[in-house]
Structure formats: structure tokens, C-alpha cells
Amino acid sequence: MAAHPIIGRQISRAVRNGAKLIVADPRQTMLSQIADVWLRHQPGTDVALLNAMAKIIVEEKLLNTSFIEERCDEFEAFAETVTAWDMALAEEITGVPAKDIAEAARMYASIAPATILYAMGITQHSHGTNNVRAVANLALLTGQIGKPSTGVNPLRGQNNVQGACDVGALPNVFPGYQKVDDPKIRKKFEKAWGCKLSPSPGLMLTEIFEAAHSGQVKALYLMGENPVVSEADTKFIEKAIPHLQLLVVQDIFLTETAQLADVVLPAASFAEKDGTFTNTERRVQRVRKAIEPIGDSRPDWMIICDIAKHMGAKGFDYESPEQIMEEIRELTPSYGGITYERIGQTGLQWPCPDLQHPGTPYLFAEKFTTPDGLGHFAPITYSPSAEVTSREYPLILTTRRSAFHFHGVMTRKVDGFNVLRDEEQVEINPMDAAALDIEDGEMVKVVSRRGAVRAKAKISKMTPPGVVSMTFHYSETRTNVLTHSALDPIAKIPELKVCAVKIEREIDLDAKYLGWGRG
């Protein structure tokens, strides 16, 4: 409800209308309180939980045999992996009673249609790709995919993340997820753009700062990104930036990262420009300008085109976002039938390959986008998070969003939101607070192996014993100073959801240096 309030309310409405709900979340949330089954697993133990559910489904023969036989491959190797799982071990690792895991597995497998929704709690781990594969295994196992109201549905972290990825804002693909190392694809784009294109994939965002620090990347052009606050291990980000010869930041506010830039380019907000956004269900929707750009700000596409033309590049003589959309349509098969006229008031969902196509409300109805068209099971083994607790750092920190702020670049500028929540809090279970002699509302120091921040303690049973929770919206309290930059080896996403910390009382720190203790 906090991270995705609109979808959260739709889930709540579905429950009121009789739908069953399973929630897997270490924290107590509004949705966990109305769930039929709440799986309160330890942060970072998703694979253990999901494999245990798969074991129950396989052993109790709740699987969709015909779907597996007709549309899947590699089931035998997968079944061998999950049936070898010990439910007692799963309970020990996850902290979830085996009977609750079994109840959830039976519920998901026996009710159709059933859908899986997940957000950053699944992906922001050093094993995030395996987490997603384990989720997909459940959908394949039960045939809960390729039909209305089913599937594996990632909830995107920003309103146009889907659209940015669709049109090539990834280092290994051109628009439409067409691979840069495919000679045929590359030739198509070289002909359209009139230039030679590299066959080598580039770097992920999380790799760029490592490369900047080592001198491999010399210039960086950032748009709508504030890594000094939002990336893991932000102290390293701040160390890497001075190694750049040039940093350009294009944003709607002077962010913490923009304050370190050599050049700042003022961009227009969503309300000041025309274009499209593509949402989490692949729906391409129009964005219509409501006001003129304020001050010297301009739409991103205009700024980019002007810079390109000043650098002598050809092919940047666009006159409108619609003209750019037409080029996207011509080069991107999944967007082939999407025009401004056809988008209308409700939008179109890709793939929409031609002007007669109505759009695609759900994927994989007939086949999967694999070379053989089959869904491939992935035998996944559990591995712990990159950083675990120790005697010195006995607590797990997991990050989350607040319902009142997003990343903080925009919402922290709104007085009304700051009235609702104007400072960072570290949520701590009453058992841990008692053991540390911490009182509610007391200022404490949260320390990891990478740094420390001050925050106000909020004693709450919403966070389980052994776990503390913080948001990352407040530049005054940069939570991501604490977080671990260990990356998933495939997606290169950092492990923002698990790091080891300790909490120190500020009064105890005073006593240490002044020679007096708590009376």
C-alpha cells in the first residue's frame, strides 16, 4: 500500500469482494493485516520460502500436469531440486512455520485464476534474479500464466520505468529489447540512424560508478536520477564522482547529485511536456502538457536534440514527441501499431504489432518468448544474502518506502507531505528496543560496515525481532550510506533490502566520551 497505493487499493477491494490473499513480507503492512495467509519470512530468504511452496505443490500433486507437458520444459530437474527440500530446514531459514508455507502453497495452487505481484522486495538482492526465477517456477508449476488475471507481475518502481526500458534505456538492447550483439538487429538500426553502432553491451548504472572510480568512465550524463541519495553505499558514489572529468545532470530540481555536477540542465516536469508514459501493465498512455515550462526548463527531448546537433550529430531534427513516437513505432515491432491517435483516452498495451491490432492485455497466451516457445523451469538453490549479521552487527536493516514520499526529490518539496512525515525513523521491534534500552522517539545512531546515520527510534511490532526498517527519502538522513553494494550477478541490482547493522544510543555515546553513564 505504501509503495504502490493504487494497486494496493485494488487488492484490498478484491479481498472485500471475496478474493483470497497471500502476503509474503517481513514487515506487518496494511495488506498483511487482511491476508488469509501472512508469510513473515526473514529478509533475503525468498528462495527458501518459494522452493518450499513448490515442494508442497509437487508432492501433493497440485500441479497442472497438462500445462507442464504441453508448454514447459526441464520440469524433472526442477522437481528433483524442490522435493529434496526439507520443510523443517525451510522453517528454520525463513522463520515461517512449515504449516503456513504449506497452507499458502495449497491455496495458490488450488484457486484459479491466481496472480503473483511483486516489487523491489524480490529484486533488490544479491540473488534477485533467482528470486524472480523461483516466483516464475510457481506460475509454471500451476499453469497460472498466459490467461486473464494470472501471471508473474512485477510492479515497477517508477511511473515510466517500463517505457524507458521499452525504448532502449538498458545497456544491452535497442528499443523493443532488440539485442545490440545481434548483427541483423544492429544493421537495421545503423541504416535507420545513419551511423555505426557498437556490438558490445554497455554498463549497468551500478557498474558505472565503479568504472568512474577506476577512470574507465570519464564523463557521465544523468537524467532524472539522484544516486547520491538513492544508490546503495552512497559514500562510494560520492568518492567516485570526483574521478569524472565531466558530470552533467538534467533534472527538474537541484538534487544532491546535481549540486556536485559540472553542468546542470533544467528539465521540464510531466505537467510541462507532451509525450507518453508506459505503465506497469505495458499500457502506453498519453502525457499532455498542462502548463508552459517554468523558467529555463525544457522537455528532455529538446535538450538532448540540441546537444546532439551542437556535437555535429545527424538525425536529431525532430519537431515534436509524436514524430519521435513514429520512429519508435517503425523500429520497434511491439510498438508497431501504437500511434497518438490510437492511444486515445485509455491507451494501448503492447505488443501491438500493427494498426489493426487491439493490443495485448496479457502475455504468453500461446507461447513464451523463448527460442523454443516453452516455459523453462529453473532449478534454484537457496543462498544467503551477501552480508549476514554478526556479534558486532546483530540486526538486519531492510529498506522500504513511506506512503507519504517517493524517492524524495519531488515529494520532499511539498509542505503537506512533510507535515505527514518530515524526518527519518528507524523502526525497531519492542524486544530489540528493550534489549538496547532504547525509548520510543529517542535519537539513535544506526551503523553498518560502510557508515552511520542518525535517526529517531520508532518502536513498533510492525518490524519483527532482529530486523530494523528505514526509508530512503531524506537527504538529511541518507539511509543508503548504510546499504550494501553487493550486486546480483545477472541483473546487477544492489542488495538494498538486506544489510547488517547495529544501533547505538546517543546518550551512551556521550557517556563513553564524557565518563558518565545513564543514571
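Above this note sits the structure.
Residues numbered from 1 in each chain as written. Predicted model: local features only at pLDDT ≥ 70, side-chain atom pairs only at ≥ 80, totals over all residues. Heavy atoms only, no water.

Asks: Give me the pairing of strand S19 (residues 467-470): which residues, what numbers.
Replies: Side chains Val-467 and Ser-469 project from S19 onto one buried face, and the interleaved Val-468 and Met-470 project onto a second face that is buried too. Of the strand pairs in this sheet, strand S16 (residues 425-428) and S19 are connected by two bridges, and their pairing is antiparallel. In the strand pairing of S19, Ile-428 is matched with Val-468. (Buried < 20%, exposed > 50% of the residue type's maximum accessible area, 1.4 Å probe, protein only. Helix = DSSP H or I, 4+ residues; strand = E, 2+ residues; numbered from the N terminus. Pairing = 2+ DSSP bridges.)

Asks: Give a detailed account of the packing of aromatic side chains, specifying residues and quantitative values.
Replies: The relation between two aromatic rings is expressed through the spacing of the ring centres and the mutual angle of the planes. Within the structure shown, the criterion is met by eight aromatic pairs. Measuring from ring centre to ring centre gives 5.1 Å for Phe-364 and Phe-368, while their planes differ by 35°; the resulting arrangement is tilted. Of the residues examined, Phe-364 reaches a relative accessible area of 27% and is grouped as partly exposed. For Phe-368, a relative accessible area of 9% corresponds to the buried category. Among the aromatic residues, ring-to-ring pairing joins Phe-75, Phe-78 and Phe-377 into one connected group. One residue, Arg-282, lies across the ring of Trp-350, its end atom 5.7 Å from the ring centre. (Phe/Tyr/Trp six-rings, centres within 6.5 Å; stacked < 30°, edge-to-face > 60°. Lys NZ or Arg CZ within 6 Å of the ring centre and 35° of its normal.)

Asks: How would you explain the pattern of salt bridges if you had to name every residue and give the values?
Replies: With the rule as written, the count across this model stands at 21 salt bridges. In this structure, Glu-207 and Lys-492 form a salt bridge, with 3.8 Å as the shortest nitrogen-oxygen distance. A residue pair is termed long-range when its members are at least 10 positions apart, and Glu-207 in helix H11 (residues 205-214) and Lys-492 in the loop between S19 and strand S20 (499-505) qualify at 285 residues. Note that Glu-442 and Arg-505 form a salt bridge whose closest N and O atoms lie 2.9 Å from each other. (Salt bridge = Lys/Arg side-chain N within 4 Å of Asp/Glu carboxyl O.)

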